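The residues making up each chain are set out below.
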Amino acid sequence: MTMTNEAIYQATNGRKDSHCDLRRQGGSKTTAQLADPWPAPVASGPLNATVDVPGSKSLSNRYLIIAALGREPVTLHGLLRSRDTDLMAAALRGLGVGIEYDPNDDTLATVTPPVSGRFRGDVTVYCGLAGTVMRFVPSLALFADGPVHFDGDEQAYARPMHPVLDGLEQLGARVRYEGKPGFLPFTIIPPSNDDVSGDSKGGLAAGITRVSIDASASSQFISSLLLIGSRLPYGLELRHTGESLPSLPHIRMTMADVETAGGSIRMPQPGRWVVAAKPIQLPQGVVVEPDLSNAAPFLGAAMIAGGSVSVPDWPVSSTQPGALLPGILTRMGATVSLDGRPLTGNDDGGTDGLAGNDSSGAHGLLTVSMSGPIHGLGDGFDLAAAGEIAPSIAALATLADEPSELVGIGHLRGHETNRLAALVTEITRIGAGAEELPDGLRIIPATLDRLHGETMETYADHRMATFAAMIGLKVPGTRIRNVGTTRKTLPDFTGMWSAMLR
Ligand SMILES: O=C(O)C1=C[C@@H](OP(=O)(O)O)[C@@H](O)[C@H](O)C1
Ligand SMILES: C=C(OP(=O)(O)O)C(=O)O
């Protein structure tokens, strides 16, 4: 066995949980130096801040994978450097992909695919708690020259994995579960002699390969197979068999990114995708958009504290679900503008809210301003398209003037933690009301005089930490347990948060 990617990760970044990109964010404290629990700062008045948000986790990890599936080196500009993306890079290195960071700018990375086009087997991939690593990298194992073992944080053992592994078995791989069937840890034994197909006998199927899986627990199962579909000898026809499908923008993101690399993925009808067999190659240089979901706590801060917060380089059009924020925040009472022009975006929160990447790369300064109360979202607000921003929306809803029901997000029970249970516990802990619904959450806000500052648990969930920091802006005495867990997708959340409040 070669070194695991976690070992490579630790060797290149320091301790497992201590990676902190000090250069980009101007030198705040490392995890070891951060107080635990961390006293969340209170906003002493209206904000007036501009916050540079690092690159998108979802785009960074897709570009890394798609670059690894090409033939020529690709340079990624503005790559997110965080636990999830460093784990992805380390996983790819373990599989024989070259990844070099620019010594003067570690968000500039050149990815060089293996010369043979095949990935190195007999390795262990450490996934941490990263959904994009544990769900996307197994599909690469299909093209490895030996078994690939996957493991992760203990908490990752609870995250659903079966549907994507079921899909890989339909493509000829064998999966050996080493813990609970359907969950990490496991080993993928790739098909031999390039017998990558949907033929039950393990031979090459003459014609397109058909795979059916139930992706109602995570869109990442679909994205994983779409990422490698172009590499299959006859392409892929993928069907989703479940009733609901979350995070459709993230699937559209996968389709758009594969298309940027010259691939072709069609969605002739909802729940069915057709991927053409063809070589894919990203352009020589690719710019990563800022992470719009990670912008949510900062933009939301302007709504909680009043004043305004701006985020530069906001894409005019994006497949990121965070592109729904202007519409949702407007509905909650904010005024949103892009380069000074009013913007409302799409506020339907539906499952098909976004058109696709704007290949022009046009972007501007997004500003969220607030002077009045935060409005609740009322009954049945569907967040299925953008489940990952639910904790930020929940923080706003806790401080709003009327109740909110967030629905279409039952699958959040399988995120970094059971986010529905975690949000209910933390919202009720401070004196507001919340209850779980079969597919979401009902939040009954309380006035500030009824809320009390408490030590908030984060459950190793970066978005529970940013949720608590948002609450802390208005609820004195809020303390956050393990705020360093934000490094999953943000290298220096506390430094950025404190700078915003200065
Ligand atoms: O493909 C992706 O990059 C992601 C898809 C979504 O997963 P789910 O569909 O499991 O919610 C999202 O919540 C996650 O943060 C990132
Ligand atoms: C669900 C999330 O992450 P993951 O990519 O680990 O699924 C998230 O970031 O909100």
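Residues numbered from 1 in each chain as written. Chains lettered and ligands numbered in written order. Predicted model: local features only at pLDDT ≥ 70, side-chain atom pairs only at ≥ 80, totals over all residues. Heavy atoms only, no water.

Per an unreviewed UniProt entry, the chain carries the name 3-phosphoshikimate 1-carboxyvinyltransferase and comes from Bifidobacterium bohemicum DSM 22767. Among the UniProt annotations of the chain, the heading Subunit (unreviewed entry) holds the following wording: "Monomer." (UniProt positions renumbered as here; feature names shortened; annotations may be inferred.)

Enquirer: Got a sec to walk through the nonpolar core? Specific residues and values, please.
Expert: Judged by nonpolar contacts, the single largest core of 80 residues is most densely connected at Leu299, Leu329, Leu383, Ile393, Phe467 and Trp497. A total of ten residues in this core trace back to one element, the largest contributor, which is helix α9 (residues 292–305). Beyond its immediate stretch of four places on either side in the chain, Leu299 contacts Val309, Val311, Trp314, Leu325, Leu329, Leu366 and Val368. Core analysis: the next-biggest nonpolar cluster, separate from the first, contains 76 residues, Ala215, Ile222, Ile251 and Ile280 among them. (Core = buried A, V, L, I, M, F, W, Y, C linked by side-chain atoms within 4.5 Å. Buried < 20%, exposed > 50% of the residue type's maximum accessible area, 1.4 Å probe, protein only. Helix = DSSP H or I, 4+ residues; strand = E, 2+ residues; numbered from the N terminus. Contact = heavy atoms within 4.5 Å.)

Enquirer: Now, about the pairing of strand β7 (residues 148–151): what can you tell me, with residues and values included?
Expert: Here β7 shows a buried face lined by Val148 and Phe150 and a second buried face lined by His149 and Asp151. Between the parallel elements strand β6 (residues 123–126) and β7, the chain passes through helix α5 (residues 131–140) in a crossover that is right-handed. Alignment of β7 against strand β9 (residues 186–189), held across three bridges, turns out to be antiparallel. Directly across from Val148, in β9, lies its bridge partner Ile188. (Right-handed = clockwise from strand over helix to strand, strands pointing away. Pairing = 2+ DSSP bridges.)

Enquirer: Explain the UniProt feature "active site" (unreviewed entry) in the chain to me, using residue names and the numbers behind them.
Expert: The residues that UniProt annotates with the feature "active site" (unreviewed entry) are Glu388. Within the secondary structure layout, Glu388 lies in the loop between β19 (378–382) and α11 (390–398). Judged by its relative accessible area of 12%, Glu388 is buried. Apart from the residues within four sequence positions on either side, Glu388 is in contact with Lys57, His250, Ser293, Pro321, Arg419 and Arg463.

Enquirer: Please provide a residue-by-residue account of the pairing of strand β20 (residues 404–407), values included.
Expert: If a strand is regular, its side chains alternate between the two faces of the sheet. Along β20, one buried face is formed by Ser404 and Leu406 and the opposite face, lined by Glu405 and Val407, is buried too. Bridging between β19 and β20 involves three bridges; their strand directions are parallel. In the sheet register, Gly378 faces β20, and the bridge partner there is Ser404. The parallel pair β19 and β20 is bridged by α11, and the resulting crossover is right-handed. In this sheet, strand β22 (residues 440–444) lies alongside β20 in antiparallel orientation, the contact comprising four bridges. Its bridge partner being in β22, Leu406 is matched across the sheet by Leu441.

Enquirer: Run through the UniProt feature "binding site: phosphoenolpyruvate" (unreviewed entry) in the chain, naming residues and quoting values.
Expert: Taking the UniProt record as the reference, the feature "binding site: phosphoenolpyruvate" (unreviewed entry) is found at Lys57, Gly131, Arg159, Gln220, Arg419, Arg463 and Lys488. Those annotated residues lining the largest cavity are, specifically, Lys57, Gly131, Arg159, Gln220, Arg419, Arg463 and Lys488. Looking at the secondary structure, you find Lys57 in helix α3 (residues 57–68). Using a relative accessible area of 8% as the deciding quantity, one classes Lys57 as buried. Apart from residues no more than four positions distant in its own chain, Lys57 is found in contact with Leu80, Asp84, Thr85, Asp291, Glu388, Arg463 and Thr489. You can see Lys488 is positioned in the loop between β24 (479–480) and α14 (493–501). If we skip the residues at most four places from it in the chain, Lys488 touches Ser82, Arg83, Asp84, Leu129, Ala130, Gly131, Glu416 and His462. Within the structure, the side chain of Lys488 is placed 2.7 Å from the side chain of Asp84, a separation counted as a polar contact. (1 Å grid on protein atoms, 1.4 Å probe; cavity = no way out; pocket = protein on both sides within 12 Å on 5 of 7 lines; lining within 4 Å. Polar contact = N/O pair within 3.5 Å; in protein donor to acceptor, adjacent residues only side chain to side chain.)

Enquirer: Tell me what's going on with empty space enclosed by the protein, and back it up with residues and numbers.
Expert: Under the defined criterion, the tally for this structure stands at two cavities of 30 Å³ or more. Quantified by volume, the largest cavity comes out at close to 250 Å³. Counting residues per element, the lining of the largest cavity draws most heavily on α5, at four residues. Split into classes, the residues belonging to the lining of the largest cavity amount to three nonpolar, twelve polar and ten charged. There are two domains that each give the lining of the largest cavity at least three residues, and those are domain 1 (34–55 + 290–501) and domain 2 (57–287). (Points joined across faces, edges and corners; volume = space filled by probe spheres on them. Nonpolar A, V, L, I, M, F, W, Y, C, P; charged D, E, K, R; others polar. Domains from an automatic or database assignment.)

Enquirer: Quick rundown of the site of ligand 2? Include the residues and the values.
Expert: Neighbouring ligand 2 are 14 residues, the closest being Lys57, Gly131, Arg159, Arg463 and Lys488. Here an oxygen atom of ligand 2 sits 2.8 Å away from a polar atom, N or O, in the side chain of Arg159. Coverage of ligand 2 by the protein amounts to 97% of the 300 Å² it exposes when considered alone. Comparing atom positions with the cavity grids shows ligand 2 to sit within the largest cavity. Secondary-structure elements contributing two or more residues to the shell around ligand 2 are α5 and α13 (462–472). (Near = heavy atom within 4 Å. Areas by Shrake-Rupley, 256 points an atom, 1.4 Å probe, with all protein chains shown as cover. Sits in = over half its atoms within 2 Å of the grid points.)

Enquirer: Hey, could you go over the packing of aromatic side chains for me, with residue numbers and the actual values?
Expert: Counted by the stated rule, this structure contains five aromatic pairs. Relative to Phe186, the ring of Tyr177 lies with its centre 6.3 Å away and its plane at 70°, an arrangement referred to as edge-to-face. Clustering of aromatic rings is evident, with ring pairs tying together Phe150, Tyr177 and Phe186. One cation-aromatic arrangement involves Arg81 over Tyr101; the distance from NZ or CZ to the ring centre is 3.7 Å. (Phe/Tyr/Trp six-rings, centres within 6.5 Å; stacked < 30°, edge-to-face > 60°. Lys NZ or Arg CZ within 6 Å of the ring centre and 35° of its normal.)

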